[in-house]
There are 2 protein chains.
Amino acid sequence: MKISIERGALLKAVAQAQSVVERRNTIPILANVLIEAEGEGVQFRATDLDIEVVDKAPAMIERPGATTVSATTLHEIVRKLPDGALVTLTADAAAGRLTVDAGRSNFSLATLPREDFPVMASSEYQSNFTANAAVLRRLFDKSKFAISTEETRYYLNGVYMHVADGDGGKVLRCVATDGHRLARIDADLPAGATDMPGVIVPRKTVGELRKLLDDDEMDIAVSVSETKVRFATPDITLTSKVIDGTFPDYTRVIPQGNTRRLEVDASEFAKAVDRVATVSSERSRAVKLQLDEDKLVLSVNAPDSGAAEEELAVAYGDERLEIGFNAKYLLEIASQVDRENAVFLFNSSGDPTLMREGNDQSAVYVVMPMRV
Amino acid sequence: MKISIERGALLKAVAQAQSVVERRNTIPILANVLIEAEGEGVQFRATDLDIEVVDKAPAMIERPGATTVSATTLHEIVRKLPDGALVTLTADAAAGRLTVDAGRSNFSLATLPREDFPVMASSEYQSNFTANAAVLRRLFDKSKFAISTEETRYYLNGVYMHVADGDGGKVLRCVATDGHRLARIDADLPAGATDMPGVIVPRKTVGELRKLLDDDEMDIAVSVSETKVRFATPDITLTSKVIDGTFPDYTRVIPQGNTRRLEVDASEFAKAVDRVATVSSERSRAVKLQLDEDKLVLSVNAPDSGAAEEELAVAYGDERLEIGFNAKYLLEIASQVDRENAVFLFNSSGDPTLMREGNDQSAVYVVMPMRV
């Protein structure tokens, strides 16, 4: 194999590869990126056995071939090369080396045979549709904070993407929860997605997917089967196993009868929660909300270190209520609000609370209270 | 005590205090900042028993007094208050609380009695002089990278500031070394500094001092005794114990007879060293320099992962030489060069190498070679 490729294009491809590769793994070849120069372009492929990413880059192919080389080392080298450099990659299979030449720099890297590289088996996808990058970004960005990190509840370690019944018909819905809080985000159902099986997209895949979604105008080809999900731009294909488990019936967790309505400036609210939480050094800081006619008092009481209180002018017309929440959960939920106001709907101090942006039903959050 | 102070001024004073305070310490009051509102201003004092910083801030004193409160918590609170807020601090000695009021936020923090706060004993200073902030910044910034981190060689855990004989007479000199590399930086001797005893300024003090030196025009009042050093601006006074030890005779380490002269673009050199070092994952990466008529070849050979080589056009007229260095040391030294060219003076591949900026003798670096 011998190819020449512009440094910028190479960096982009290798950056994506090295981020999928696991830092520590017992199978040496999983640290490598598979470079395939065959046919009309060069492909860079990396995998951790659960996720596979393939990045196409324009290159001049002088001699077709393929090899695998450490993704981290190649990324570090390319990152340090001067912008605009032309990089030549030459594989010497007999010597087990890949040389990287750019200007007066040259590197010789240990390779492993391409035959040993585990390529993810191709799948039959039941559902293939196209979704706009900005739409997917909203679905995952607004839900991923609620993904559980508890490994024993593996079926909560991802975002549940599925087709659901919304108020105005079928919607594409992402839900995540860790049992303490829940996010449910809806988008218009893309054409062709009606038969999509519901899948739990793992946390790491959600993170890798994010890198494909920066361009608002980009169309993303989405393919879904019972066991795999694939997201593709013209240049990058991200394939991932989905979590083999059943996502719990979240609909029962979303309160329907909460009537006590608080409307508050989301940014002011978040700042105030952040401030009052300062006095407590515990990991699960409880913030107390005292609601009265158009008045909200936030307070924290940490017997050892001190107390804090802050008053906010809000819209609230129901009877007096005291309710406590984990400060971190409140902050995260408040920071999901893009518009000015957050609307909280309470029932009692022991019941789950619902939060949404104004009257918009397409992004709904639930948070469990804690005793204060 | 009751005082009102503008949030910006309070943040500046408390930020300085909380950075001196040790995160983990067994004496609770050492986590606190002493706030003293007496006479004509408010002083914020923090100490770790080795360093003491006192920051004056303008404030309205309604009721004089003093108290101590957690520096970290107060800093966090003030940081999160809106810019421009007026903050009122009220100490209630009977309740052991300090209340912090700003707008609709109020906080009540646990205090410890001021009597328990360890104030550093005042000293007689043998030498008092004034130095420009930019001059001190250069002396310490260019030497501190060479400070040793080996705790057993405690006398190398700082910068040795002393009066020395330079080419054109007495100079104010800072030296640091860890036995592998050495930095020797000179500045004109300030008036009144002639009798200054040589002192080893500890690493942490060098870091705290740096925050006083941002303003090029600022005059810093320096006071030195055998056991302490003090740096003061009109607002901030930093007092520190010096390291109780003898700095080794560094003059013997600085080679005098090195004649093989290499002149190289410092930035290009540093980038090339960084690139070739990429292929080695070891902590002490050895870079080999091969010198030939106006040509420098840098190379690294890591049997496991690969090899790298880069050629640079340089000015070199002496006989062929091969010499190896720790890549990290070479990088750090090259990045001290402000001007375009670094001048290296070699003897043999086993002897210490000298580096300076052009022909400037006021900043000299020594680095030990390693076998490659």
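Predicted, not measured: the structure shown is a model, and the values here were computed from it. Numbering of residues begins from 1 in every chain and follows the order in which that chain's sequence is written. Whichever chain is written first is A, and whichever ligand is written first is 1; the rest continue in order. In keeping with the predicted nature of the model, local features appear solely for residues at pLDDT of at least 70, side-chain atom pairs appear and are counted solely at 80 or more, and the whole-chain, interface and lining totals rest on all residues. Neither water nor hydrogens contribute to the side-chain values; these are computed over all heavy atoms in the structure.

Student: What should I look at first to understand the overall build of chain A in this one?
Tutor: Counting its regular elements, chain A contains 6 helices and 26 strands. Each principal axis of the C-alpha distribution contributes one length, and for chain A these read about 80 × 50 × 35 Å. When a residue's accessible area, from a 1.4 Å probe over protein chains only, is under 20% of the maximum for its type it is buried; when over 50% it is exposed; and in between it is partly exposed. Looking at chain A as a whole, 53% of its 372 residues qualify as buried. Within chain A, residue pairs in contact and separated by at least 24 positions form 68% of the contacts whose partners lie at least 6 positions apart. In the structure as shown, chain A presents an accessible area of about 16,400 Å², 46% of it carried by carbon and sulfur atoms. A distance of 4 Å separates the average location of the 43 positive side-chain charges in chain A from that of its 57 negative side-chain charges. A helix here means a DSSP run of H or I that spans at least four residues, while a strand means a run of E at least two residues long, and both kinds are numbered starting from the N terminus. Whether two residues are in contact is decided by their heavy atoms: any pair within 4.5 Å suffices. Methods summary: accessible areas were calculated by the Shrake-Rupley approach with a probe of 1.4 Å, and residue burial reflects only the protein chains presented. A residue counts as positive if it is Lys or Arg and as negative if it is Asp or Glu; His and the chain ends are not included. Where a charge lies is defined by one atom per residue type: Lys uses NZ, Arg uses CZ, Asp uses CG and Glu uses CD.

Student: Can you help me understand the pairing of strand S9 (residues 105-112) of chain A in this one?
Tutor: Residues in a regular strand project their side chains so that they alternate between the two faces of the sheet. Residues and elements named next belong to chain A. Paired strands, as defined in this entry, are two strands with at least two bridges between them according to DSSP. Examined bridge by bridge, strand S6 (residues 65-70) and S9 share 2 bridges and lie antiparallel to one another. Residue pairing across strands places Thr68 opposite Leu112, the latter belonging to S9. Where strand S8 (residues 97-102) meets S9, 6 bridges bridge the pair, whose relative direction is antiparallel. Residue pairing for S9: Thr99 is matched across the bridge by Ser108. Counted between consecutive antiparallel strands, the loop separating S8 from S9 contains 2 residues, among which Gly103 sits at a positive phi close to 55°.

Student: When you look at the sheet that holds strand S14 (residues 199-202) of chain B in this model, what are you seeing that I'm missing?
Tutor: Strands belonging to one sheet form pairs held by backbone hydrogen bonds; the direction of such a pair is parallel or antiparallel. Residue and element names in this part refer to chain B. Ordered by their spatial adjacency, 9 strands build an open sheet running S14-S11-S12-S13-S26-S25-S24-S18-S22, and the pairing between neighbours is antiparallel. The open sheet has two edge strands with one neighbour each: S14 and strand S22 (315-316). In this structure, strand S12 (residues 169-177) lies alongside strand S13 (residues 181-188), joined through 7 bridges in antiparallel fashion. Of the residues in S13, the one forming a bridge with Ala176 is Ala183. Relative to strand S18 (residues 260-265), helix H5 (residues 266-277) is tilted by about 90°, and along the sheet it contacts S18 and strand S24 (341-346). In this analysis, axes come from line fits to C-alpha atoms, helices being fitted only over the stretch in contact, and the angle between any two N-to-C directions falls in the range 0 to 180 degrees.

Student: When you look at the relation of the copies chain B and chain A in this model, what are you seeing that I'm missing?
Tutor: Copy one and copy two of the chain differ by a rotation about a common axis and a shift along it. What sets the superposition is a least-squares fit of C-alpha atoms, and only residues with pLDDT of at least 70 in both copies go into it. By a simple turn and slide, chain B fits onto chain A: the slide is 0.0 Å along the axis, the RMSD is 0.0 Å, and the turn is 180°. Both copies are brought into coincidence by an operation consistent with a two-fold rotation axis. Scanning chain B for the C-alpha nearest the rotation axis identifies Arg23 of chain B, at a separation of 15 Å. Comparing interface residues between copies, 100% of those in chain B also lie at the interface in chain A; the contact surface is shared.

Student: Mind showing me how you'd approach the packing of H5 of chain B against helix H6 (residues 327-334) of chain B here?
Tutor: Describing two packed helices takes the angle between their axes plus the distance from one axis to the other. Residue and element names in this part refer to chain B. Where H5 meets H6, the axes come as close as 9 Å, and the angle between the chain directions of the two elements is 160°. Viewed along their axes, H5 and H6 adopt a mutual orientation that is roughly antiparallel. In terms of crossing hand, the pair formed by H5 and H6 is left-handed. In this structure, H5 uses Ala266, Phe269, Ala270, Val273, Asp274 and Ala277 to contact H6, whose residues at the interface are Ala327, Leu330, Leu331 and Ala334. A per-class count over the contact of H5 with H6 returns 9 nonpolar, no polar and 1 charged. Angle categories: roughly parallel below 35 degrees, roughly antiparallel above 145, roughly perpendicular from 65 to 115, and oblique for all the rest. Crossings are assigned a handedness: left-handed for a near helix turned anticlockwise from the far helix by less than a right angle, right-handed for a clockwise turn. Here the nonpolar group is Ala, Val, Leu, Ile, Met, Phe, Trp, Tyr, Cys and Pro; Asp, Glu, Lys and Arg are the charged ones; every other residue, Gly included, is treated as polar.

Student: What should I look at first to understand the environment of Asp92 of chain A in this one?
Tutor: Residues and elements named next belong to chain A. Checked against the element boundaries, Asp92 lands in strand S7 (residues 86-92). When its relative accessible area of 38% is taken as the criterion, Asp92 is described as partly exposed. Separated by 25 residues in the primary sequence, Asp92 and Thr67 place their C-alpha atoms 9.0 Å from one another. In the analysis that follows, any N or O atom pair within 3.5 Å is treated as a polar contact, provided that within protein one partner can donate a hydrogen and the other can accept it, and provided that, for residues neighboring in sequence, both atoms belong to side chains. Side-chain polar atoms of Asp92 contact the backbone nitrogen of Ala94, separated by 3.2 Å.

Student: Is there a simple way to think about the interface of chain B and chain A in this case?
Tutor: Taken together, the contact pairs 30 residues of chain B with 30 residues of chain A. When two components associate, each loses some accessible surface as probed by a 1.4 Å sphere; the sum of these losses over both components is called the buried area. In this assembly, chain B packs against chain A so that about 2,400 Å² is buried in total across both faces, 48% of it on carbon and sulfur atoms. Taken as a group, Lys80, Arg104 and Arg275 of chain B account for 28% of the area that chain B buries against chain A, more than any other trio of residues on that side. We define a salt bridge as a side-chain nitrogen of Lys or Arg found within 4 Å of a carboxyl oxygen belonging to Asp or Glu. Our enumeration of links across chain B and chain A arrives at 2 salt bridges. Between Lys80 of chain A and Asp274 of chain B there is a salt bridge, and its shortest N-O distance comes to 3.0 Å. Taken together, chain B and chain A are joined by 16 residue pairs in polar contact (both at pLDDT 80 or more). Sorting the residues of the side of chain B that touches chain A by element identifies helix H2 (71-80), strand S9 (105-112), H5 and strand S21 (306-313) of chain B as the ones contributing at least two each. With 8 residues, S21 of chain B is the single largest residue contributor to the side of chain B that touches chain A.

Student: Whenever I open this one, the domain arrangement of chain A confuses me. Can you help?
Tutor: By a widely used convention, the size of an interface equals the accessible area lost when the partners come together. All names here are of chain A. On domain assignment, one finds that chain A holds domain 1 (2-116), domain 2 (127-252) and domain 3 (254-367). These domain boundaries are the output of an automatic or database domain assignment. For domain 1 versus domain 2, the separation of C-alpha centres amounts to 30 Å. Between domain 1 and domain 2, the residue contacts involve 14 residues of the former and 13 residues of the latter. When the two sides are added together, the surface that domain 1 and domain 2 hide from each other amounts to roughly 1,100 Å², 40% of it contributed by carbon and sulfur. Run the count over domain 1 and domain 2 and you get 3 salt bridges. Among the salt bridges present, the one from Lys241 reaches Asp50, with a minimum N-O distance of 3.9 Å. Here domain 1 is connected to domain 2 by 10 residue pairs in polar contact (both at pLDDT 80 or more). Elements supplying a minimum of two residues to the side of domain 1 that touches domain 2: helix H1 (7-20) and strand S4 (51-57). Examining the composition of the side of domain 1 that touches domain 2, we find that 6 residues originate from one element, S4, more than from any other. Classifying every residue of the side of domain 1 that touches domain 2 by side-chain character gives 5 nonpolar, 2 polar and 7 charged.

Student: What's the story with helix H1 (residues 7-20) of chain B in this structure? I'm lost.
Tutor: For an α-helix, 3.6 residues make a turn, and residues three or four places apart therefore share a direction. Residues and elements named next belong to chain B. In this analysis, the expected span of each helix is defined as 1.5 Å times one less than the number of residues it contains. Over its 14 residues, H1 extends 20 Å from the first C-alpha to the last, a length consistent with the 20 Å expected when each residue adds 1.5 Å. For H1, every residue scored as buried is listed here: Arg7, Leu10, Leu11, Ala13, Val14, Gln16, Ala17, Gln18 and Val20. Where H1 begins, the side chain of Glu6 points an oxygen toward the backbone nitrogen of Gly8, at a separation of 3.0 Å.

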